[in-house]
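The lines below spell out each chain.
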Amino acid sequence: METLALLAGGFATALTPQNLLFAFAGCFLGTAVGVLPGIGPALTVALLLPITFKVPATAAFILFAGVYYGAMYGGSTTSILLNTPGESATIITALEGFQMAKRGRAGPALATAAIGSFVAGTIATAALTFFAPVVVELALKLGPAEYFSLMVIAFVAVSAVLGSSAVRGLAMLFLGLVLGIVGVDLQTGQPRFTFGLIELLDGIEVTIVAVGLFAVAETLHLAARHRYGEDELLPLSGSIWLTREDFARSWKAWLRGALIGFPFGAIPAGGAELPTFFSYYVERKLSRRPEEFGRGAIEGVAGPEAANNASAAGVLMPMLTLGLPTSVTAAIMLSAFQSYGIQPGPLLFQNQADLVWSMIASLYIGNAMLLVLNLPLIGLWVRVLRIPRPQLYGGILVFATIGAYGVANSVIDLAVMYAVGVFGMLMKRYDFPVAPVVIGMILGPLAEQSFRQAMTISQGDPTTFLTRPISASFLAIAAALILAPPLLRAMAASRRRA
Amino acid sequence: MRARPRRDELAFALLLVALALLSLWQTLAIPVSPIYARVGPTAFPWIASVGLLVFSVVLLWQALRGGFPGVDRQKAADWRSLGWVGAGLAANAVLITTLGFVFAAIALFACTARGFGSQRPLRDALIGALVGLAAFLGFARLLGVNIGAGVLEGLL
């Protein structure tokens, strides 16, 4: 009951004209960057970080939340019409959706994706509303040792479990941790990893790294492969509405997708890929027409798209209740909290109740806005998709320049962004994941803080992480996440040999 | 098994090893006061640096053994296209401190578009000017980002 009262208060704040405008701007921008290949919500939120100096925290987070949700909607449009999934979570949508579009059923594919996103997004936001306070209660009981071990799970999950290679993921995670160390140590005031440069005392700016890794790296990567051809954009023809049969086949998939997606996002293992694959698998198993899968089955779009959105809402749970970001966009939102001097975590719900509940309320509002933006206005986004690539990438680099140069009007920052961009291009070339670098860099300093607090409490005894039962079980989960996949592979291999 | 090492992957792995060594060197350079001897400012940097070193050495080993697992041999890069984008980025850095952001944006936009196959440099320059101006006004006025003063920006 108390939750409902708090949520009502949140709606009161979120429904003021100014905040509605921020929510709409966020949703609009989010859909646009979701539709455009090469840029995504993480880059957009990073570019918008300067807004934290201009507007109150509530308005900024309503804007960021709109961008975050909007990009999920926009991303599905690109996968369906262009077959280039903007992010790994929409690979599955591309699989079936593009096949539907090829058979002239782009409209229903887009509709089931948008309505499914709305249904799942709303269910997941409701789950967030009612579970978050429970998690907060539990989280308040955790000490620094438990927090550190929980962060270890998040680190392992984003680097070793998701992505194609645990070695490449972990290498990038440690690189991110190293980047996070640069600057003055907050506890002792000693400069670390600064090479004696004054410019590095404040640490490396998140915006510069994010813009370099996303905008510059992506552009250079595509330029390097330019002569190997372009994608084909399928036309949007016929009705965009679902037939009675489409609807009958979709609605259960939406609900199942939401149920699969939210828990995956909410546990600090994060990632929207796994639930979409899982949902696809479930839908194919349950379908009465499994033969249609791979040739444009509508359930194969409806389920994974719902799972994708539900897990996006789920990611906000560890982010808001524990201060643990498990996606790149959430990590950059965390650095926005820091720029307001707010530390996300269980105390956020006590100290900043109005901010949290307005943000959650704006998620419900944003979902409704996005449904309108993405169904009747779909033609607009198809036109956005038609922006020719030469001009699109020219524009992306111009905006990237603002992101880096705007920090301090320093050409050195620009050079750092270029260097990060070249490095990121090589990462893409050799299939190194980007998320561990960004999450390691932003979450690393917080992990170090918990680590040192725990060690101080235990008077320098490192076994504290293993002797405290909750902390030990978190570490055991982390170890299992690293060790299980290779062990299972080895077992399967030996069985095949036998 | 692929036995021949791929030179480009080897070079990338070596770059990572070099970064790890750099980070170890900087860890050793952190002065440690005796008060914090146990959980001082160096504990975490040690973990991060050694972790990076361990995994980059594994990557180096993989590269020597025939390549990173699951990564296909890369096609040759399109140097012409990359060259144009690189030239745009360089011009951007030079012009932004002299003529200002909008002129830098024109050069960057036109060169990048050229790199991606556009054949109409004048039209691209014009679009670049519009994008640059819009971005400048949007970020400078709405978000309060200071993008420096240039020839054109001073007039606005």
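Residues numbered from 1 in each chain as written. Chains lettered and ligands numbered in written order. Predicted model: local features only at pLDDT ≥ 70, side-chain atom pairs only at ≥ 80, totals over all residues.

**Q** Which residues make up the overall build of chain B, and what are the values?
**A** A tally of regular secondary structure across chain B gives 5 helices and 0 strands. Reading the secondary structure of chain B in the N-to-C direction produces α-α-α-α-α. Counting all 156 residues of chain B, 39% fall into the buried class. Nonlocal contacts in chain B, meaning residues at least 24 apart in sequence, comprise 62% of its contacts between residues at least 6 apart. (Helix = DSSP H or I, 4+ residues; strand = E, 2+ residues; numbered from the N terminus. Buried ≥ 20, exposed ≤ 12 C-beta atoms within 10 Å, placed from the backbone. Contact = placed C-beta atoms within 7 Å.)

**Q** Could you give an account of helix 5 (residues 91–102) of chain A, with specific residues and numbers?
**A** Helical geometry note: an α-helix holds 3.6 residues per turn, so side chains three or four residues apart project in the same direction. All names here are of chain A. The terminal C-alpha atoms of helix 5 lie 16 Å apart, and with 12 residues this matches the ideal 16 Å at 1.5 Å per residue to within 8%. The element helix 5 is extensively covered by neighbouring structure, given that 10 of its 12 residues are classed as buried. Listed as buried for helix 5 are Ile 92, Thr 93, Ala 94, Leu 95, Glu 96, Gly 97, Phe 98, Gln 99, Met 100 and Ala 101. Positive backbone phi, at 80°, marks Gly 104, one or two positions downstream of helix 5. (Expected span 1.5 Å × (residues − 1).)

**Q** Account for the interface of chain B and chain A, with residues named and values stated.
**A** On the side of chain A, 57 residues touch chain B, which itself brings 63 residues to the contact. Elements with a minimum of two residues in the side of chain B that touches chain A: helix 1 (7–28), helix 2 (43–64), helix 3 (79–98), helix 4 (101–115) and helix 5 (121–142) of chain B. Counting residues per element, the side of chain B that touches chain A draws most heavily on helix 2 of chain B, at 10 residues. Looking at the side of chain B that touches chain A residue by residue, the classes come out as 36 nonpolar, 22 polar and 5 charged. (Nonpolar A, V, L, I, M, F, W, Y, C, P; charged D, E, K, R; others polar.)

**Q** So, the packing of helix 2 (residues 17–35) of chain A against helix 4 (residues 57–82) of chain A: which residues are in play, and what are the values?
**A** Residues and elements named next belong to chain A. At a closest axis distance of 6 Å, the pairing of helix 2 and helix 4 adopts a crossing angle of 30°. On the basis of their axis angle, the class for helix 2 and helix 4 is roughly parallel. As helix 2 packs across helix 4, the resulting crossing turns out to be right-handed. Split by residue class, the contact of helix 2 with helix 4 holds 20 nonpolar, 13 polar and no charged. (Axes fitted to C-alpha atoms, helices over the stretch in contact; angles between N-to-C directions. Parallel < 35°, antiparallel > 145°, perpendicular 65-115°, else oblique. Left-handed = near helix turned anticlockwise from the far one by under 90°.)

In short, the description is geometric, and any link to function would need to be established separately.
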